[in-house]
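# Results of the structural survey
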Amino acid sequence: MSKTIIISNRLPLQLQIENKTVHATPSVGGLATGMKSVHKDSNGVWIGWTGLTEEEIPANLLDDVIEATIKEQCIPVSLTKEDIDGFYYGFSNRTIWPLFHYFMEFTEFEKESWQSYVTVNEKYAEVVLDNIEEGDTVWVHDYQLMLLPALIKKKRPDVQIGFFLHIPFPSYEVFRTLPWREEILKGLLGSDLIGFHTYDYQRHFLSSVSRILRHEVGFNEITLKDRIVTANSYPMGIDYNKFSKAAAKHDATKNQSELQRRLDIHIDTTPDAKMILSIDRLDYSKGIANRLRAYEYFLEKYPEFKEKVRLVMLAVPSRSNVPQYQLLKKEIDELVGRINGKFSSVSWTPIWYFYRSMPFENLIDLYTTCDIALLTPIRDGMNLVAKEYIATRTDETGVLILSEMAGAAQEMSEALIINPNNFEEIADTLKQAIEMPKAEQIKRNKFLQKRLRRYNVEKWADDFMTALQDTKHKSDIVKAIQITEKQESEMLEAYKNSEKRILFLDYDGTLRAFVNNPEDASPDEELLELVNTIQKQENTEVVIISGRDRHTLGTWWQQIPITLIAEHGVWKRPIGGEWAVTENLKNDWMDTVRPILEKFVDRTAGTFIEEKNYSLAWHYRNADPDLGEIRAGELSSVLKELSANNDLGVLDGNKVLEIKNSTIHKGKAVTKHIFEKDYTFQFAIGDDWTDEYMFQDLPDEAYTIKVGLQKTAAKFYVDDTERVRDLLKKFAAQD
Ligand SMILES: O=P(O)(O)OC[C@H]1O[C@H](O[C@H]2O[C@H](CO)[C@@H](O)[C@H](O)[C@H]2O)[C@H](O)[C@@H](O)[C@@H]1O
Ligand SMILES: O=c1ccn([C@@H]2O[C@H](COP(=O)(O)OP(=O)(O)O)[C@@H](O)[C@H]2O)c(=O)[nH]1
């Protein structure tokens, strides 16, 4: 039975060795808590690190460690202290974490920790590859394992691989500073589906892929040579029932825990007191120091709330070997001490501060007792605490104040959304929350709860896995048209046995790869020789059919006796003959269109106009990719409006927009050409949209081939210009 393999750095359980025995405790952090319920209900395995290094496990306890892990349907990856220092405390949490959360000043670029990151990703790959069975699906999680998808894909191209990033993907301007940016992107592109919490993270990722790797990027697809990778956003949900049921149970059995008793005593003695809750890992991205300062400012600005509010702050120890986290701990300790010292009275302490993790029941105590949750991350991939707080409010009361910088804010617009750097706004919002009538709290929470209940973690995982399976169909469709060796030999056999054969060859992107300056793409010796050999074969006609102007084509191919078709069919030069127009066309429209194109050239660096006799082309290959696409969209709509009444058409080529007479296209040119003769073998090859006309208009028995993986009307596709050369060599080798 096929299974899903979940892989993350941190397993849902953490092992410790105390008194020579192995103990397991649940992991903290949204990835582990969220995925735990997905894993529990599946028949899959979870591969990851147990929290113990090789050096920490005595030989006689190794079996116990493995047993404790396997009991939870997990498989351990064995890591040394050196690995953890370089990979976890190093590259993951001193480079990627601060960089992806926009803390550039904390980001270190150390070659050694990068190397450790590579080594550990390879260690993970080994364990995963050992455990993959036919039909399994792989789901890799988070920033610690961004090289893993490509490492797996390389060895197991048959396996569907999903990747989910739990933290933000930063804007290109930030990501580009990473010295290993290409390696990271290539690692991720080993996946078939890449998921993000929000559309913005997805957009930033796609922009980096297009600018750094220069891949063709669509709305949510990246076209590689042999595969399509999908990127999409899936905001992670929580196990809603687990939290709401625990809260309901808690209400029924009140006053069971010490923490609960303490919280209740406070409320009894000050009946209108409000408890404000904050829960996070102790992390600079969570904005804890800002929150404390904003709370201090609130007490100063609205002194009437002294003695009437309390901030209950749970900060869970995290990554304490990283210096920034140690400094933050010190800063928080001092801030709490200073604020409590400044405002405390005999009967009131403004902040209750816990520096530890709490068991689930205590978390529920906190969630259900506190009237307000104040969550102010500076940057946060999602923030599940915000969702958990709302899920536990069984009577629908409670106010959530949430930073707009948390991914969760995008789905939780009924919360009070704040900018974590704006103390004025936080102080005013706290006042608003304290004074919010119950009816309004309920109204807001009803919406929030409905959404969280519906889009829970199960639905999130389901959506992701369904989309991952769909990528398989996509690849299958694509693979179905990739020309196989057998189909290729059948085609060559048909070629060999035909009495009258014709080959229509597109030029740019087909016979020659694209170059930055189109004038530099002249045919090389090998190409001239190959085409010449083919045209010499008996009963064989070669036609080069291009959007290029006739002078360029004529000069490049003057030595070879073949037919040339230029400007998509406007001009034709028969073998040994002269260039002639195929139809009487008007070109007076060019004077109107040229100034429009010139404006776009002025506004878009790197673009230029190519002027032909009957068409004008605006090239944007050398422009900034995003800007180029935006401007192409704008220009295309301007031109389409203009062309509607003028028999003009806009051709959307490969990084070029061409405006020309709409009655002219390659389809018309090829059908006109074959009309007069009875060819028994017809072949057409091309790479862009303008070639689709040929593929559509040629008879069904024609062999039509698209270069590059894109939607096409052609029967087959080949990867790139190198494969086109191979094919030409095979035609040349036939007699
Ligand atoms: O494993 P640690 O180094 O102890 O860190 C704990 C986890 O922190 C991060 O959590 C993120 O995932 C949450 C769920 O998607 C999301 O709500 C939150 O915004 C993220 O910060 C980290 O991404 C995990 O890999 C860590 O395990
Ligand atoms: O003592 C604690 C405090 C928090 N959490 C859990 O840790 C997760 C924190 O996830 P979040 O997405 O808010 O932030 P992250 O720590 O992953 O960045 C939530 O599921 C909390 O319930 C926990 O298990 N024990």
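Note that the coordinates shown come from a computational prediction; the quantities given were computed from them, not determined experimentally. (Residues numbered from 1 in each chain as written. Chains lettered and ligands numbered in written order. Predicted model: local features only at pLDDT ≥ 70, side-chain atom pairs only at ≥ 80, totals over all residues. Heavy atoms only, no water.)

### A look at the site of ligand 2
Around ligand 2, the structure places 16 residues, and the nearest of them are Gly30, Thr33, Arg281, Met358 and Glu388. Between ligand 2 and Leu384, the relevant distance is 2.9 Å, taken from an oxygen atom to a main-chain nitrogen or oxygen of the residue. With the chains in place, 90% of the 550 Å² that ligand 2 exposes on its own is no longer accessible. Residue assignment for the shell around ligand 2 shows that the elements contributing at least two residues are α1 (30–40), β12 (274–281), β13 (309–316) and α14 (384–391). In terms of residue count, the dominant contributor to the shell around ligand 2 is α14 (three residues). Along the lines of polarity and charge, the residues of the shell around ligand 2 split into eight nonpolar, five polar and three charged. Residue assignment places the shell around ligand 2 across two domains, with domain 1 (4–233) and domain 2 (240–453) each supplying three or more. (Near = heavy atom within 4 Å. Polar contact = N/O pair within 3.5 Å; in protein donor to acceptor, adjacent residues only side chain to side chain. Areas by Shrake-Rupley, 256 points an atom, 1.4 Å probe, with all protein chains shown as cover. Helix = DSSP H or I, 4+ residues; strand = E, 2+ residues; numbered from the N terminus. Nonpolar A, V, L, I, M, F, W, Y, C, P; charged D, E, K, R; others polar. Domains from an automatic or database assignment.)

### Considerations on the sheet that holds strand β25 (residues 648–652)
Two pairing modes exist for strands in a sheet, parallel and antiparallel, and in both the strands are linked by backbone hydrogen bonds. As summarised here, the arrangement of the four strands in space is β23-β24-β26-β25, forming an open sheet in which the pairing is antiparallel. Each end of this open sheet is capped by a strand with a single partner; those strands are β23 (608–611) and β25. Neighbour to neighbour, the strand axes of the sheet diverge by 20° on average, direction disregarded. Bridge count between β23 and strand β24 (residues 615–619): four bridges; the pairing is antiparallel. In the strand pairing of β24, Phe608 is matched with His619. (Pairing = 2+ DSSP bridges. Axes fitted to C-alpha atoms, helices over the stretch in contact; angles between N-to-C directions.)

### A word on the side chain of Ser208
Checked against the element boundaries, Ser208 lands in helix α8 (residues 199–213). Ser208 gets classed as buried once you look at its relative accessible area, which sits at 0%. (Buried < 20%, exposed > 50% of the residue type's maximum accessible area, 1.4 Å probe, protein only.)

### Comments concerning the pattern of salt bridges
Summed over the entire model, instances satisfying the criterion amount to 50 salt bridges. The shortest N-O distance in the salt bridge between Arg631 and Glu634 comes to 3.6 Å. Of this pair, Arg631 and Glu634 are both found in helix α22 (residues 625–643), three residues apart, which corresponds to roughly one turn of the helix. Sharing partners across several salt bridges, the network here consists of Glu296, Glu300, Arg338 and Lys342. (Salt bridge = Lys/Arg side-chain N within 4 Å of Asp/Glu carboxyl O.)

### A short note on the site of ligand 1
With respect to spatial proximity, 20 residues lie near ligand 1, and among them Arg10, Tyr88, Asp142, His166 and Asp380 are the closest. The protein chains hide 96% of the 560 Å² of surface that ligand 1 would expose on its own. Sorting the residues of the shell around ligand 1 by element identifies α1 and α3 (81–100) as the ones contributing at least two each. Here the residues of the shell around ligand 1 sort into eight nonpolar, seven polar and five charged. The residues that make up the shell around ligand 1 include at least three from each of domain 1 (4–233) and domain 2 (240–453).

### Side note on the sheet that holds strand β8 (residues 193–196)
Across the sheet, which stays open at both edges, the nine strands sit in the order β5-β4-β1-β6-β7-β8-β11-β10-β9 with mixed pairing between neighbours. The open sheet has two free edges, formed respectively by β5 (74–76) and β9 (216–217), since each of these has just one partner strand. Where strand β7 (residues 160–164) meets β8, three bridges bridge the pair, whose relative direction is parallel. Within β8, the residue paired with Phe164 across the bridge is Gly195.

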